[in-house]
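Letter by letter, the chains look like this.
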Amino acid sequence: MKIELARHFGMCFGVRDALRLTYDLAQSRSITVLGELVHNPVVSAHLGAIGVREGKLADPASASTETVVITAHGAAESDRHNWRERGHEVFDTTCPLVRKAHRALECLILAGYFPVIIGRRDHAEVIGLSRDHPDAVIVESAAELAAVPRWQRIGVVAQTTQPVEHVRALVEALQKRLPESEIRFVDTVCQPTKDRQDALRDLCESNDTIVVVGGRNSNNTRQLVETAVALGRRVLQVERADELDAGWFRDSLNVGVTAGTSTLDETVREVVGRLGQISSGLHESALNGLLRAFA
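What comes next is a walk through the structure. (Residues numbered from 1 in each chain as written. Predicted model: local features only at pLDDT ≥ 70, side-chain atom pairs only at ≥ 80, totals over all residues. Heavy atoms only, no water.)

Regarding the pattern of salt bridges
- Scanning the entire structure with this criterion turns up 22 salt bridges.
- Among the salt bridges present, the one from Arg 7 reaches Asp 202, with a minimum N-O distance of 2.7 Å. Remark: Asp 202 occurs in helix 7 (residues 191-206) and Arg 7 occurs in the loop between strand 1 (2-5) and helix 1 (13-26); sequence separation between them is 195 residues.
- Glu 243 serves as the salt-bridge partner of Arg 216, at 2.7 Å between the closest nitrogen and oxygen. You can see Arg 216 sitting in the loop between strand 10 (209-213) and helix 8 (219-230) and its partner Glu 243 sitting in the loop between strand 11 (234-238) and strand 12 (254-259), a full 27 residues away along the chain.
- Assessed through its relative accessible area of 48%, Arg 216 is described here as partly exposed.
- Among the charged side chains, a salt-bridge network with shared partners connects Glu 77, Arg 80, Asp 92 and Arg 99. (Salt bridge = Lys/Arg side-chain N within 4 Å of Asp/Glu carboxyl O. Helix = DSSP H or I, 4+ residues; strand = E, 2+ residues; numbered from the N terminus. Buried < 20%, exposed > 50% of the residue type's maximum accessible area, 1.4 Å probe, protein only.)

Okay, here's the thing in structure tokens:
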């Protein structure tokens, strides 16, 4: 069984910087992270092991520590203000590319465009983008475009981890639905997401089975899974190496491995190592079967 690792995979710089700052803070004081720092249970377990507590961004009473941390997914400015008003020291690990999406949305609104956000409405990043702009319409599918009002000027941004092809298709569908409107789209899909999607497509060309490593509540990990499924590949998603079952790969010849942007490098290494063990075990089993057949 051949194992191939995607040319772009795993943790992005925004997640890495958020982890580094949070670990550094935890060495010197008690801290509360306002939500999941990143959507990865392995990371959450690591943080819990060093005493990091978890609170709720929308509930200023949910933290007992003076220091609180905004997650890499960002937050509304009103939420930051509320925490500071209660006397907390606020450290912000918002990814710079998420900040770019916030600025793009604000600039569109200031320029007179009606705001539309393409993304998952229940995701922390989209909640942060929209909370200061309650009139914004959030859409994830073409069916939801019907909620966009017939305004003369409409501005569109996207959750940073949406597949850019999906986003562009929705913008095109919106323009067809409202041909009389000026649709201005600012591409806020982050480059790490684009790189991982492109690398996954290459991986799917040469592999019959794809293993995606990442948290099950991670949007960009879910998008990798959906892309590989759409390309007709057999797809397996795991959060840890010990979830891999040798029986899953009995009919696999070529296995590609990729990972979401919140997945630790060590987790990917462990998954690749476990796949190597499975490959050796399957080879030995097949060889023994041949020997028995000719005995």
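Some points on the environment of Gly 119
- Its location among the elements puts Gly 119 in the loop between strand 6 (114-118) and helix 5 (124-131).
- Separated by 51 residues in sequence, Gly 119 and Leu 170 have C-alpha atoms that sit 11 Å apart.
- Discounting residues that sit within four places of it in the chain, Gly 119 has contacts with Val 126, Ile 138, Val 139, Glu 140, Gln 159 and Gln 162. (Contact = heavy atoms within 4.5 Å.)

Notes on helix 6 (residues 164-177)
- Helix length check: helix 6, at 14 residues, gives a terminal C-alpha distance of 20 Å against a target of 20 Å (1.5 Å per residue), a fit within 8%.
- Of the positions making up helix 6, those classed as buried are Val 164, Val 167, Leu 170, Val 171 and Leu 174. Angularly, the buried residues of helix 6 cover 125° about the axis, an arc narrow enough to put them on a single face.
- Turning to helix 6, the residues buried within the fold contact strand 6, strand 8 (153-158), strand 9 (182-185) and helix 7. (Expected span 1.5 Å × (residues − 1). Arc of directions from axis to C-beta.)

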